[in-house]
Amino acid sequence: MKPFSFSILLAVLFSPAGFANDAPEKVIFTRAFADEAYGYYHAQILAQVLELTPEFGAAVAEPHPQPMPQARQIIKLQSGEAQVMWSATSAEREKQLLTVRFPLLQGLAGYRVLVIHKYKQGSYPQDVTKSTLQSYLGVQGADWPDLTVLKYNGYQVEGLPWSLWFANMFIAVEKGMVDYFPRNVIEVSNDLERHADKLVKLEDNLLLRYPSYEYFFVSPKHPKLVKRLYTGLLRMLDSGELKTYFDKHYNHRRALELATDPNRKIFELENPGIKQTFENPLWSQSPAPLRAYLAARAAE
């Protein structure tokens, strides 16, 4: 046997190949817009999950260089060109990709308040009935899953094409073409700021609620990443980091206020596109049920 050579060891460690072996894996995530503010919360969570799970190997989160619509994101994950995306779940989506069933936004996308004409609050008293509300005409994006949910539950609703910051929907409310625009509690505050020049307002008394969860989805070519994400999310929930990241965003805090306002009358709706529901997805307020669920998934 030849004597051990320290010079050979140094050559291996400091060769380009040696550096490559030490380089962290790139976990590529897709996104809809190039704007850094879009998906910032989700990207932060993904990066922290990778940081907190070193036993799976060194890894860093990086955005795919090309923003793209969701249909294209799914193709990128199916091919393995990217590993992770986030989106609202559906039975179809869960057939296409591997699902990390944890409600990143606490199910708040399914808590809907109404944007109405500024001078028509009188049409929405606290004791308004379901049948009365169903007789009014609402509006949603033509390709949004919420349109299907509302129609399935007997609400009259029109679908309009998406336009910049949903201007068409707010104009329709202002002009009296429709009676209301159901908007999720996370986005409604920012929307009303953008459309402060219009005669629209947040309705005071009502809340529509149905199961709607935003999950991480993983490429079928990277199945080990699912367990890693469950493990990291569990650690973030246990440490309180997940709540800290969530609470950093004003629109998140405001959404929880709206969703848990005891003075709002709640209309419960079914979502035919959801395979699995959570009895209480508000993990920042009641973490125990989701904690048990995450622990079980991480242990699989």
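Refer to the structure printed above.
Think of each chain on its own: its residues are numbered from 1, step by step along the sequence as written. Totals for whole chains, interfaces and linings use every residue, but because this is a predicted model, local features are given only for residues with pLDDT of at least 70 and side-chain atom pairs only at 80 or more, for both listing and counting. Water and hydrogen atoms play no part in the side-chain values, which are based on all heavy atoms of the structure.

A.B. asks: Requested: an account of unusual backbone geometry, with residues and values cited.
C.D. replies: When glycine is set aside, most residues are seen to have a negative phi, and most peptide bonds are trans. Phi is positive for Gln106, close to 60°, though the residue is something other than glycine. For every residue, the accessible area obtained with a 1.4 Å probe (protein chains only) is divided by the maximum for its type, and the residue is called buried under 20%, exposed over 50%, and partly exposed between those limits. Using a relative accessible area of 0% as the deciding quantity, one classes Gln106 as buried.

A.B. asks: Requested: an account of the packing of aromatic side chains, with residues and values cited.
C.D. replies: By convention, a stacked pair of Phe, Tyr or Trp rings (six-membered ring in the case of Trp) has centres within 6.5 Å and planes under 30 degrees apart, an edge-to-face pair has planes over 60 apart, and any other such pair is tilted. One pass over the structure, following the stated rule, counts 11 aromatic pairs. With a centroid separation of 6.4 Å and 70° between ring planes, the pair formed by Trp86 and Phe216 is classed as edge-to-face. Here Trp86 is found in strand S3 (residues 84-88), whereas its partner Phe216 is found in strand S11 (residues 214-218), with 130 residues between them in sequence. As far as burial versus exposure is concerned, Trp86 and Phe216 are alike and both buried. Both rings, one in Tyr213 and one in Phe278, keep their centres 5.2 Å apart while their planes meet at 75°; by these two values the pair is edge-to-face. Pair noted here: Tyr213 is in the loop between strand S10 (206-209) and S11 and Phe278 is in the loop between strand S12 (265-268) and helix H13 (287-298), with a separation of 65 residues, a long-range link. Only DSSP runs of H or I covering at least 4 residues are called helices, and only runs of E covering at least 2 are called strands; the numbering of each starts at the N terminus.

A.B. asks: How would you summarise the side chain of Asn153 if you had to cite specific residues and measurements?
C.D. replies: Checked against the element boundaries, Asn153 lands in the loop between helix H7 (145-152) and strand S7 (156-160). The criterion used for residue contact is that any of the two residues' heavy atoms lie within 4.5 Å. Ignoring anything within four residues of it in the chain, the contact list for Asn153 reads Lys130, Gln134, Leu269 and Glu270.

A.B. asks: Could you give an account of the environment of Ala109, with specific residues and numbers?
C.D. replies: One can find Ala109 in the loop between strand S4 (98-100) and strand S5 (111-117). Sequence separation between Ala109 and Tyr213 is 104 residues; the distance between their C-alpha atoms is 6.8 Å. The contact partners of Ala109, leaving out residues within four places of it in the chain, are Asn184 and Ser212.

A.B. asks: I'd like a description of the packing of helix H3 (residues 40-51) against helix H10 (residues 224-239), backed by residues and values.
C.D. replies: Think of each axis as a best-fit line through the C-alpha atoms, taken over the contacting stretch in the case of a helix, with angles from 0 to 180 degrees between the N-to-C directions. Between H3 and H10, the least distance of the axes is 8 Å, while the angle of their chain directions is 95°. Viewed along their axes, H3 and H10 adopt a mutual orientation that is roughly perpendicular. Seen from H3, the contacting residues are Ile45, Leu46, Gln48, Val49 and Leu50; seen from H10, they are Leu225, Arg228, Leu229, Gly232, Leu233 and Met236. Residues are grouped as follows: nonpolar covers Ala, Val, Leu, Ile, Met, Phe, Trp, Tyr, Cys and Pro; charged covers Asp, Glu, Lys and Arg; every other residue, Gly included, is treated as polar. The class makeup of the residues in the contact of H3 with H10 is eight nonpolar, two polar and one charged. These descriptions rest on fixed angle ranges, namely under 35 degrees for roughly parallel, over 145 for roughly antiparallel, 65 to 115 for roughly perpendicular, and the rest for oblique.

A.B. asks: Tell me about H7, residues and numbers included.
C.D. replies: Since the α-helix turns once every 3.6 residues, residues separated by three or four places project in the same direction. Along H7, the residues classified as buried are Asp146, Leu147, Val149 and Leu150. Relative to the axis of H7, the buried residues are bounded by an arc of 160° and lie together on one face. Elements that come into contact with the buried residues of H7 comprise S5, strand S6 (137-141), S7, strand S8 (180-184) and S10. Following H7 by one or two positions, Gly154 adopts a phi angle in the positive range, close to 85°. Note that the arc is computed from the directions linking the helix axis to the C-beta atoms.

A.B. asks: So, the packing of H10 against H13: which residues are in play, and what are the values?
C.D. replies: Close contact between H10 and H13 brings their axes to 9 Å; oriented N to C, the two are set at 150°. Handedness of the H10/H13 crossing: left-handed. The segment H10 lies against H13, with Lys227, Tyr230, Thr231, Leu233, Leu234, Leu237 and Asp238 engaging Pro287, Leu290, Arg291, Tyr293, Leu294, Ala295, Arg297 and Ala298. Of the residues assigned to the contact of H10 with H13, the class counts are 10 nonpolar, one polar and four charged. The crossing is said to be left-handed when, going from far helix to near helix, the turn is anticlockwise and less than a right angle, and right-handed when the turn is clockwise.

A.B. asks: Give a detailed account of the side chain of Ser189, specifying residues and quantitative values.
C.D. replies: Structurally, Ser189 is set in helix H9 (residues 188-194). Setting aside residues no more than four positions away along its own chain, Ser189 makes contact with Tyr250 and Arg254.

A.B. asks: Please set out the environment of Arg297 residue by residue, giving values where relevant.
C.D. replies: Here Arg297 is to be found in helix H13. N or O atoms closer than or at 3.5 Å make up a polar contact, with two conditions inside protein: a donor-capable atom paired with an acceptor-capable one, and, for residues adjacent in sequence, both atoms drawn from side chains. Within the structure, the side chain of Arg297 is placed 2.8 Å from the side chain of Glu300, a separation counted as a polar contact.

A.B. asks: Could you give me a rundown of the environment of Gln106, with the residues and numbers involved?
C.D. replies: Within the secondary structure, Gln106 is located in the loop between S4 and S5. C-alpha separation for the pair Gln106 and Tyr213, spaced 107 residues apart in sequence, amounts to 7.2 Å. Excluding anything up to four places from it in sequence, Gln106 contacts Phe246, Leu256, Pro281, Leu282, Trp283 and Ser284. A distance of 3.0 Å separates a polar side-chain atom of Gln106 from the backbone nitrogen of Trp283.

A.B. asks: Quick rundown of the nonpolar core? Include the residues and the values.
C.D. replies: In these notes, a set of buried Ala, Val, Leu, Ile, Met, Phe, Trp, Tyr and Cys residues joined through side-chain atoms within 4.5 Å is what counts as a nonpolar core. Ranked by internal contacts, the top residues of the largest apolar core, which has 68 residues, are Ile45, Leu108, Phe216, Leu233 and Leu242. At eight residues, the largest contribution of residues to this core is made by H10. What Leu233 contacts, discounting residues up to four positions off in sequence, is Ile45, Val49, Val100, Phe102, Leu104, Leu242 and Leu294.

A.B. asks: Lay out helix H8 (residues 167-174) in plain terms, naming residues and giving numbers.
C.D. replies: Burial within H8 is extensive, with six of its eight residues counted as buried. Every buried residue of H8 is accounted for by Ala167, Met169, Phe170, Ala172, Val173 and Glu174. Turning to H8, the residues buried within the fold contact S5, S6, S7, S8, H9 and strand S9 (200-202). Of the residues trailing H8, Gly176 is marked for its positive phi of about 75°.

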